[in-house]
Amino acid sequence: MKKILIVAAATGLMSLAACNTPAANNTAENVADAMEAEADNMEMMADNATNEVVEDAAENAADNLEAAADNVAG
């Protein structure tokens, strides 16, 4: 559970950092790519989970991130 919180915090910090970059770097494609990379990280966490509850939570988070990335990309 601690790992999920750490990843969630890192994701939040990454999104804040993205707000401070020039507008040219914040294209929808770049945002979608970053979200898909984070989804990949969540899937890796699910694979390494120590119990099914954490595994299911990480898989759900990865699925949600991938869906959101698809919406951002258009």
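Scroll up to find the structure this text is about.
Residues numbered from 1 in each chain as written. Predicted model: local features only at pLDDT ≥ 70, side-chain atom pairs only at ≥ 80, totals over all residues. Heavy atoms only, no water.

Asker: Got a minute to help me understand the overall build of the protein in this structure?
Answerer: Counting its regular elements, the protein contains three helices and zero strands. Listing every helix and strand of the protein by position from the N terminus yields α-α-α. Of the accessible surface of the protein, which amounts to about 5200 Å², a share of 58% is contributed by carbon and sulfur atoms. (Helix = DSSP H or I, 4+ residues; strand = E, 2+ residues; numbered from the N terminus. Areas by Shrake-Rupley, 256 points an atom, 1.4 Å probe, with all protein chains shown as cover.)

Asker: Help me understand the nonpolar core, please; the structure alone is not making it clear to me.
Answerer: Side chains that are nonpolar tend, in soluble globular proteins, to be buried together. Counting residues in each nonpolar core, the largest one holds ten residues, listed as Ala 32, Met 35, Ala 39, Met 42, Met 45, Ala 46, Ala 58, Ala 62, Leu 65 and Ala 69. Elements supplying a minimum of two residues to this core: helix H2 (28–47) and helix H3 (52–73). Of all the elements, H2 adds the most residues to this core, at six residues. Once residues within four sequence positions are removed from consideration, Met 35 is found in contact with Leu 65, Ala 68, Ala 69 and Val 72. (Core = buried A, V, L, I, M, F, W, Y, C linked by side-chain atoms within 4.5 Å. Buried < 20%, exposed > 50% of the residue type's maximum accessible area, 1.4 Å probe, protein only. Contact = heavy atoms within 4.5 Å.)

Asker: Looking at this structure, how should I read the environment of Ala 61?
Answerer: Along the chain, the position of Ala 61 falls in helix H3. In the structure, Ala 61 is positioned 15 residues away from Ala 46 in sequence and 9.6 Å away in space, judged by C-alpha atoms.

Asker: Whenever I open this one, a negative patch on the surface confuses me. Can you help?
Answerer: A contiguous patch of negative charge, built from Glu 29, Asp 33, Glu 36, Asp 40, Glu 43, Asp 47, Glu 52, Asp 56, Glu 59, Asp 63 and Asp 70, is present on the exposed surface. The dominant element in the negative patch, judged by the number of residues it contributes, is H2, at six residues. With respect to the helices, strands and loops of the structure, Glu 29 is situated in helix H2. (Patch = residues over 30% accessible without salt bridge, like charges linked within 9 Å, V, L, I, M, F, W, Y side chains within 5 Å. Salt bridge = Lys/Arg side-chain N within 4 Å of Asp/Glu carboxyl O. Lys, Arg positive; Asp, Glu negative; His and termini not counted. Charge placed at Lys NZ, Arg CZ, Asp CG, Glu CD.)

Asker: Sorry, what's going on with H2 here?
Answerer: It helps to recall that an α-helix has 3.6 residues per turn; residues three or four apart then point in one direction. Taking 1.5 Å as the rise per residue, H2 with 20 residues should run 28 Å; its terminal C-alpha atoms sit 29 Å apart, in good agreement. Where H2 is concerned, the buried positions are Ala 32, Met 35, Glu 38, Ala 39, Met 42, Met 45 and Ala 46. The arc that holds every buried residue of H2, seen down its axis, measures 125°, which confines them to one face. Exposed side of H2, more than 90 degrees from the buried face: Glu 29 and Asp 47 are the residues found there. (Expected span 1.5 Å × (residues − 1). Arc of directions from axis to C-beta.)

Asker: Whenever I open this one, the environment of Asp 56 confuses me. Can you help?
Answerer: Structurally, Asp 56 can be placed in helix H3. Here Asp 56 falls in the partly exposed class, since its relative accessible area comes to 41%. Along the primary structure Asp 56 and Ala 46 are separated by ten residues, whereas in three dimensions their C-alpha atoms are 7.0 Å apart.

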